[in-house]
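Here is how the chains run, residue by residue.
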Amino acid sequence: MFSAIARVFRTPDLRRKIAFTLGIIAIYRLGAHVPTPFVDFPNVQQCLNQSGGTEGLLSLVNLFSGGALLQLSIFALGVMPYITATIIVQLLRVVIPHFETLYKEGQAGQAKLTQYTRYLTIALALLQSTTLVTVARSGQLFGSAGVPECQQLLTNDIWWAQLLMIITMTAGTGLVMWFAELVTERGVGNGMSILIFTSIAATFPGAMISILNARGVEVFLLVLAVSIVIVALVVFVEQSQRRIPVQYAKRMVGRRTYGGTNTYIPIKVNMAGVVPVIFASSLLYIPALIAQFNQPQAGQEPAPWVTWISQYLTRGDHPLYMLIYFLLIIGFAYFYVAITFNPVDVADNMKKYGGFIPGIRAGRPTAEYLDYVLTRITLPGSIYLGLIALLPLVALATVGANQNFPFGGASILIIVGVGLETVKQIDAQLQQRHYEGLLR
């Protein structure tokens, strides 16, 4: 293992790629701590220490930005606008036929979809930065209405100062998107995935230290041992797949013979990835957001539905919240898999090139069989996603951790997934040069 790692740094091209990637990561993390103009940085830090963070969708965005959101830095929005834009463009392929046509055109169509994703990212960044500045100006960013420092996060709340803050955060999102594309072209791995990995990994030490200070060494060691088991299980499930055998008949094209090979269609247990968790978190935040804008004035009683939402759908440690969260993840897992994997298209492509599944007729029977297998394998995958997503909420109720508990939810899925893909890419580049990779 150590000799393989040494070969990585002895290969000049691979060494340059890794150094370039690490340089971009360093600049990205530096920007996460540079405050936006007209932000009262000491007050923000004091509110962070007193409140310990925030909940709901802002908690998810803060996790993906590496804590930059609540610090109101120039990279406060992080990669979240790009992730949202990518998911929206992917979902629009089902609604807009032109997007589906571009997707099937190959590299030229993919480049056009990427351009649409960039424009949508800037538009979402403009919207989200406006919302963030408005929430910070109102003093509700940390939910600490009784703390005077949290009511004065901005040094100047005049309109042109707020406009400058919005432009700065939007420009920061564009810069992060450019960083990600540079890493993809000249570095190692997928750039956006690497930056997400960096943002989440940056929150690990603080979360573990807070558990150590709050619960002591015994609970800390117990959490560490359980976390190792969780990581091993996540790696096992993420690598698990159902391989459907496919045979291609021989066919003559001119004087050449094509086909006659055996291959398989890999269907992963968790085909949806982390998207259902993001969808469920965003949807559950909507009732709390509506209730927040319907708070009564001083001396008045809140409406019954506002009280009910505040009691059951705001805190993640309530059993009803956990149950709804779990069921939403299962539903969104089936929804997203149905959008991203079309059995009819796969069956048509196999039939076009002379492929068939042994024992299954080509065409519609093949599509029905693929749909049957996909439906059955998505059930354990969605239950696995729901259980992993509930880990931070269970830690919130038992260990006293916050909702950014590192070994669970979206964080552990992204960390493991990006880590595995990056190691595989390094391994493939090593095998091109040394005939022996990083993995054995």
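About the thresholds
Residues numbered from 1 in each chain as written. Predicted model: local features only at pLDDT ≥ 70, side-chain atom pairs only at ≥ 80, totals over all residues. Heavy atoms only, no water. UniProt positions renumbered as here; feature names shortened; annotations may be inferred. Salt bridge = Lys/Arg side-chain N within 4 Å of Asp/Glu carboxyl O. Helix = DSSP H or I, 4+ residues; strand = E, 2+ residues; numbered from the N terminus. Buried < 20%, exposed > 50% of the residue type's maximum accessible area, 1.4 Å probe, protein only. Pairing = 2+ DSSP bridges. Axes fitted to C-alpha atoms, helices over the stretch in contact; angles between N-to-C directions. Parallel < 35°, antiparallel > 145°, perpendicular 65-115°, else oblique. Left-handed = near helix turned anticlockwise from the far one by under 90°. Contact = heavy atoms within 4.5 Å. Nonpolar A, V, L, I, M, F, W, Y, C, P; charged D, E, K, R; others polar. Phe/Tyr/Trp six-rings, centres within 6.5 Å; stacked < 30°, edge-to-face > 60°. Lys NZ or Arg CZ within 6 Å of the ring centre and 35° of its normal.

The name given to the protein in an unreviewed UniProt entry is Protein translocase subunit SecY, and the organism recorded there is Microbacterium testaceum. The annotation that UniProt attaches to the protein under Sequence similarities (unreviewed entry) is "Belongs to the SecY/SEC61-alpha family." Recorded in UniProt under Subunit (unreviewed entry), the annotation for the protein is "Component of the Sec protein translocase complex. Heterotrimer consisting of SecY, SecE and SecG subunits. The heterotrimers can form oligomers, although 1 heterotrimer is thought to be able to translocate proteins. Interacts with the ribosome. Interacts with SecDF, and other proteins may be involved. Interacts with SecA."

Draft legend 1. Structural context of the pattern of salt bridges. What the rule picks out here adds up to five salt bridges. Of the charged contacts, one joins Arg-364 and Glu-368 as a salt bridge, the two residues approaching to 3.1 Å between their closest N and O atoms. In this pair, Arg-364 and Glu-368 are both assigned in helix H16 (residues 364–398), four residues apart and thus about one turn of the helix distant. Accessibility expressed as a relative area gives 66% for Arg-364, which makes it exposed.

Draft legend 2. Structural detail: the sheet that holds strand S4 (residues 262–268). Here we have three strands laid out as an open sheet, ordered S4-S1-S5, and antiparallel in their pairing. One side of each edge strand has no neighbouring strand; the edge strands of this open sheet are S4 and strand S5 (355–356). Alignment of strand S1 (residues 241–248) against S5, held across two bridges, turns out to be antiparallel. In the strand pairing of S5, Gln-247 is matched with Phe-356.

Draft legend 3. Highlighting the packing of helix H5 (residues 80–95) against helix H14 (residues 319–340). Between H5 and H14, the shortest axis-to-axis distance is 10 Å and the interhelical angle comes to 65°. Classified by the angle between their axes, H5 and H14 sit roughly perpendicular to one another. The handedness of the crossing between H5 and H14 is left-handed. Each of Gln-90, Leu-91 and Val-94 in H5 lies in contact with H14, whose residues at this interface are Phe-335, Tyr-336, Ile-339 and Thr-340. Grouping the constituent residues of the contact of H5 with H14 by class yields five nonpolar, two polar and no charged.

Draft legend 4. Quick peek at the packing of aromatic side chains. The full count for this structure, using the stated rule, is eight aromatic pairs. With a centroid separation of 5.4 Å and 85° between ring planes, the pair formed by Phe-38 and Trp-160 is classed as edge-to-face. Of this pair, Phe-38 sits in the loop between helix H2 (12–31) and helix H3 (41–51) while Trp-160 sits in helix H8 (residues 159–186); the two residues are 122 residues apart in sequence, bridging distant segments of the chain. A relative accessible area of 24% places Phe-38 in the partly exposed class. Aromatic rings pair up to connect Tyr-28, Phe-75, Trp-178 and Phe-179 into one cluster. Of note, Arg-93 hangs over the ring of Tyr-103, and the distance from its end group to the ring centre comes to 3.7 Å.

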